[in-house]
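Okay, here's what each chain looks like letter by letter:
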Amino acid sequence: MVVFQQLLNIEDSERDDKKVLSNGDVYIGDFKRLIPHGKGKYTWRDKTVYEGDWEEGKMTGKGYISWSSGSKYEGDFSGGHLHGFGTFTGTDGSEYRGAWRMNIQQGLGRKRYSNSDIYEGSWKEGVHEGCGRYSWNSGNMYIGKWKGGKMCGRGVMKWANGDLFDGLWLNGLRHGSGVYRFADGGYYFGAWSRGLKDGKGTFYPAGTKLPSLRRWSSSLGYDDNGSSSLSHSLSLNSEQRRVSRRPSVVRSLSEKISISGMLRNSGRISNRSNSLHENWSPCDSARELICHEPSCSFPCATNEGQREVQGKSTVVYEREYMQGVLIKQRIKNAEPFRKIKQKNKFHTTEAKKKSCIDIFEGHQSYYLMLNLQLGIRYTVGKITPVPMRDVRHSDFEDRARIRMYFPRKGSQFTPPHYSIDFYWKDYCPMVFRNLREMFKLDAAEYMMSICGDDGLRELSSPGKSGSIFYLSHDDRFVIKTLKKSELKFFLKMLPNYYRHVGKHENTLITKFFGVHRIKLRGGKKVRFVVMGNMFCTELSIHRRYDLKGSTQGRFTDKDKIGENTTLKDNDLKYDFHMDKMLQESLFKQLSEDCMFLQSQQIIDYSLLLGLHFRAPEQLMALSESAGAIANHENLPSGDGATSQRELLIPPTGLRLVTHEPGFNTAPGPHIRGNTLRAYSLGAKEVDLLLPGTGRLRVQLGVNMPAQASCKVGGEVDPTEVELFEVYDVVLYMGMIDILQEYNMRKKVEHTFKSLKFDPLSISAVEPELYADRFLKFLQKVFPEQP
């Protein structure tokens with residue numbers, strides 16, 4: 001910022017409009033009360049020159065400045081700062097043309113680097129943020145969302161060889177669902193984690209009939225606001241390494257213009273200016289790229305497995321990867337697959353019509369979510385300032401309710417809103433406030449997660465009971481609708497539940513954070529319970545199982561299994577071997593929890609089990625290099641048959657290490673309890689060390705390491721290939737469905753008829769028997785180490 005601090009030493013020159021300062025700087029131009037004002041030219045002793053508009057001694061308006069280093073800027077100034085629209089040319093020939101705010105690029109802008117890379121799009125605080133398009137001089141191009149200078153969100157990457165990826169990105173790496181199109185016409189629909197394939201997917205060789213790309217894009221679960229990621233060579237870390245030193249900048253009139261922080265990432269910009277259209281959107285270009293671009297004929301590298309099926313239009317591969325390593329492959333017919341997808345879609349719609357959501361008309365499922373957010377924001381905000389105290393008996397009674405009317409126009413106590421009028425009831429607010437404290441859940445985080453601008457997501461299909469499930473935008477919380485009978489039973493059980501979780505901080509029973517009811521005008525009521533999502537984890541969940549301890553009828557049709565399908569008892573083909581002390585801690589708590597559920601006359605509960613598979617440690621370097629896009633011509637070969645070399649390497653991808661309290665370990669969301677001890681490390685508290693991921697805190701049901709062995713025997717599907725027999729896995733588990741009371745006879749009979757607990761008759765089934773059978777089944781799944 002240029003300001004005249006002292007004018008006493010200004011000397012008159014031969015011309016009235018020329019002034020020489022005592023420090024040797026020179027100003028030629030208009031003055032106002034001895035201060036530059038109007039048009040003028042200022043020259044510093046180091047030959048930095050500004051020529052343009054002045055206002056009250058500050059560069060304001062249009063102007064041109066050239067630094068002694070050779071950098072130049074022409075455009076808008078305000079208060080001595082680069083502010084508005086302008087063009088900056090660096091000493092290396094790079095150029096930025098676009099919006100500025102206080103010496104930093106912010107808004108729409110186009111930047112051409114000295115190596116001819118080009119970025120055109122949105123900027124924030126000097127880095128790429130928002131929608132933008134980056135074109136590499138190699139011919140690769142990315143169009144989509146950015147955050148903090150890296151690809152992050154929904155985006156499309158097209159490589160020079162014709163390959164194309166449309167999906168989600170995070171920190172410059174592919175991360176989440178996406179579609180990869182090979183130059184020869186093949187497609188892979190699946191999931192990625194940190195730039196590597198991770199999880200289940202479907203590979204369509206070239207020539208195979210494909211479903212609608214738009215329909216697949218929708219089914220993958222992302223939209224224009226999704227999060228995203230990219231592989232190593234496309235990471236903008238490479239761009240940051242190219243950044244040249246900041247140009248020498250000018251200070252104030254008596255000092256030098258300090259443009260601190262100006263031009264972060266200012267290196268490598270083009271010499272060519274290109275005007276920006278106000279309505280131009282890089283995200284629109286991404287849609288055009290994926291939807292309208294003609295097929296590329298560039299032949300990509302394919303392996304024998306791909307060439308083998310090149311001409312068969314009905315064969316597709318279902319595949320599963322662990323950190324870029326192919327572990328399973330199944331051949332499947334494409335035509336029946338499409339029919340199944342259509343069938344599932346039909347049944348999902350039909351189920352929704354029969355669920356409790358049918359009390360709404362038109363778009364009122366959206367209104368229901370808004371009402372829920374408004375109510376939770378109000379009640380949590382109301383109870384949080386109340387001083388912390390112990391829960392009393394009266395806090396569980398019928399009087400312990402918060403009731404409020406939310407008219408659309410607002411009232412003395414409620415804000416106006418865009419939903420419909422509704423009545424709100426919050427049950428036992430002080431109890432759930434204390435439960436949230438027990439579970440170490442911050443009230444502000446809780447409200448932001450559920451009531452933030454990103455809203456809630458309705459899960460694609462309801463449960464068998466007709467309940468509707470919502471997921472918070474950050475996946476931390478699950479919200480489920482309850483029947484009236486379930487709500488009554490839960491409130492009856494709540495005092496004992498509160499005491500149990502207070503006594504057993506390692507409990508595996510579902511964590512509950514609130515119970516609410518919405519009543520619409522006309523008397524229709526919807527009841528909700530807010531629970532923790534145990535699968536909101538640092539690691540990807542590759543398998544999900546709902547285990548009840550029965551083998552009768554407990555299997556899933558293979559044609560209906562998707563990436564997020566929850567499998568059943570008979571689908572579990574692994575035994576899990578873990579450290580002796582970890583196994584003892586697990587069954588000690590399972591026994592305590594089962595005794596509690598038994599005392600409450602509860603049956604039909606499950607152990608929800610999530611598995612994260614780890615790729616063999618020796619393959620990590622190989623898989624990372626294969627997943628990197630630096631050598632993008634060879635990338636399609638990663639979708640072919642697994643080499644014999646991979647089959648010979650046993651998995652050793654996990655390691656227990658002594659727990660360090662000061663070490664930054666990730667405990668997971670709303671997790672409480674002790675760090676577990678391991679027999680293999682001398683009964684010391686342990687952390688889990690994962691190559692390439694980090695250090696995780698081991699707690700009961702969270703980040704528990706084990707070795708999964710495939711069970712010997714059973715039928716073998718000739719179309720399915722299991723590439724490994726033993727895996728290292730990380731386990732996540734919790735007990736769910738705890739609201740089924742034994743005294744609900746119709747529910748009991750329906751449950752045990754479907755489970756077929758032969759030779760036991762339905763009348764002989766008791767909560768004690770259910771708990772005993774449940775624990776015995778789990779002891780077979782988690783056998784004790786010899």
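Residues numbered from 1 in each chain as written. Predicted model: local features only at pLDDT ≥ 70, side-chain atom pairs only at ≥ 80, totals over all residues. Heavy atoms only, no water.

- For the protein chain, the name recorded in an unreviewed UniProt entry is Phosphatidylinositol 4-phosphate 5-kinase, with Manihot esculenta as its organism.
- Listed under Catalytic activity (unreviewed entry) in UniProt, the entry text for the protein chain is "a 1,2-diacyl-sn-glycero-3-phospho-(1D-myo-inositol 4-phosphate) + ATP = a 1,2-diacyl-sn-glycero-3-phospho-(1D-myo-inositol-4,5-bisphosphate) + ADP + H(+)". (UniProt positions renumbered as here; feature names shortened; annotations may be inferred.)

## Section: the overall build of the protein chain
Item 1. Secondary structure summary: the protein chain contains 14 helices and 39 strands in total.
Item 2. Every one of the 786 residues in the protein chain was classed for burial, and the buried ones make up 52%.
Item 3. A separation threshold of at least 6 residues defines the contact pool for the protein chain, and within that pool the share at least 24 residues apart is 60%.
Item 4. For the protein chain, the accessible area works out to roughly 36,100 Å², and carbon and sulfur atoms hold 49% of it. (Helix = DSSP H or I, 4+ residues; strand = E, 2+ residues; numbered from the N terminus. Buried < 20%, exposed > 50% of the residue type's maximum accessible area, 1.4 Å probe, protein only. Contact = heavy atoms within 4.5 Å. Areas by Shrake-Rupley, 256 points an atom, 1.4 Å probe, with all protein chains shown as cover.)

## Here's the deal with the packing of aromatic side chains
Item 1. According to the stated counting rule, one finds 51 aromatic pairs in the structure shown.
Item 2. Here Tyr-50 and Phe-77 contribute two aromatic rings whose centre-to-centre distance is 5.0 Å and whose plane-to-plane angle is 75°, an arrangement assigned as edge-to-face. Remark: Phe-77 occurs in strand S7 (residues 72-78) and Tyr-50 occurs in strand S5 (residues 49-55); sequence separation between them is 27 residues.
Item 3. When the ring of Tyr-134 is compared with that of Trp-146, the centres are 6.2 Å apart and the planes differ by 45°; the resulting orientation is tilted. In this pair, Tyr-134 is assigned in strand S12 (residues 127-135) and Trp-146 in strand S13 (residues 141-147), connecting sequence segments 12 residues apart.
Item 4. Residue classification places Tyr-134 among the buried residues on the basis of a relative accessible area of 0%.
Item 5. Overall, Trp-146 belongs to the buried group, its relative accessible area being 3%.
Item 6. The aromatic ring of Phe-31 is capped on one face by Lys-19, whose charged end is 5.9 Å from the ring centroid. (Phe/Tyr/Trp six-rings, centres within 6.5 Å; stacked < 30°, edge-to-face > 60°. Lys NZ or Arg CZ within 6 Å of the ring centre and 35° of its normal.)

## Regarding the side chain of Arg-527
Item 1. Mapped onto the secondary structure, Arg-527 falls in strand S28 (residues 525-532).
Item 2. There is no salt bridge for the buried Arg-527, and the closest opposite charge comes from Glu-486, which lies 8.9 Å off by N-O distance.
Item 3. Every residue in contact with Arg-527, bar those within four places of it in the chain, is listed here: Lys-480, Thr-481, Leu-482, Lys-483, Lys-484, Leu-487, His-516 and Arg-517. (Lys, Arg positive; Asp, Glu negative; His and termini not counted. Salt bridge = Lys/Arg side-chain N within 4 Å of Asp/Glu carboxyl O.)

## A word on helix H9 (residues 484-503)
Item 1. Spanning 20 residues, H9 covers 29 Å between terminal C-alpha atoms, matching the ideal 28 Å at 1.5 Å per step.
Item 2. At Leu-494, H9 shows its maximal bend, which comes to roughly 50°, and the proline Pro-495 appears one to four places after that position.
Item 3. Considered for burial, the residues of H9 that qualify are Glu-486, Leu-487, Phe-489, Phe-490, Leu-491, Met-493, Leu-494, Pro-495, Tyr-497, Tyr-498, His-500 and Val-501. (Expected span 1.5 Å × (residues − 1). Bend = angle between axes of the 7 residues up to and from the residue.)

## A look at the sheet that holds strand S32 (residues 606-614)
Pairing between sheet strands relies on hydrogen bonds along the backbone, with the strands arranged either parallel or antiparallel.
Item 1. Pairing is mixed in the open sheet, where six strands are placed in the order S30-S29-S32-S39-S37-S31. The sheet is open, and its two borders are formed by strand S30 (566-567) and strand S31 (574-577), each paired with just one other strand.
Item 2. As paired strands, S32 and strand S39 (residues 726-736) are joined by nine bridges and run antiparallel to one another. Directly across from Ser-606, in S39, lies its bridge partner Ile-736. (Pairing = 2+ DSSP bridges.)

## Remarks on the sheet that holds strand S26 (residues 477-482)
Item 1. If you walk across this open sheet you meet the seven strands as S22-S23-S27-S28-S26-S25-S24, and the pairing is antiparallel. Lying at the two open borders of the sheet, with one neighbouring strand each, are strand S22 (401-406) and strand S24 (456-458). Strand-to-strand, the axes of this sheet are offset by a mean angle of 25°, without reference to chain direction.
Item 2. Along the sheet, helix H8 (residues 443-451) makes contact with S24, strand S25 (469-472), S26, strand S27 (512-520) and S28, crossing S26 at roughly 65°.
Item 3. Against the sheet, H9 touches S22, strand S23 (422-427), S26, S27 and S28, its axis set at about 145° to S27. (Axes fitted to C-alpha atoms, helices over the stretch in contact; angles between N-to-C directions.)

## Thoughts on the packing of H9 against helix H10 (residues 580-599)
Item 1. Closest axis-to-axis distance for the H9/H10 pair is 11 Å, and the angle between their directions is 160°. One finds that H9 runs roughly antiparallel with respect to H10. Handedness of the crossing formed by H9 with H10: right-handed. Packed against H9, whose contacting residues are Met-493, Asn-496, Tyr-497 and His-500, the element H10 presents Gln-589, Glu-592, Asp-593 and Phe-596 at the interface. (Parallel < 35°, antiparallel > 145°, perpendicular 65-115°, else oblique. Left-handed = near helix turned anticlockwise from the far one by under 90°.)

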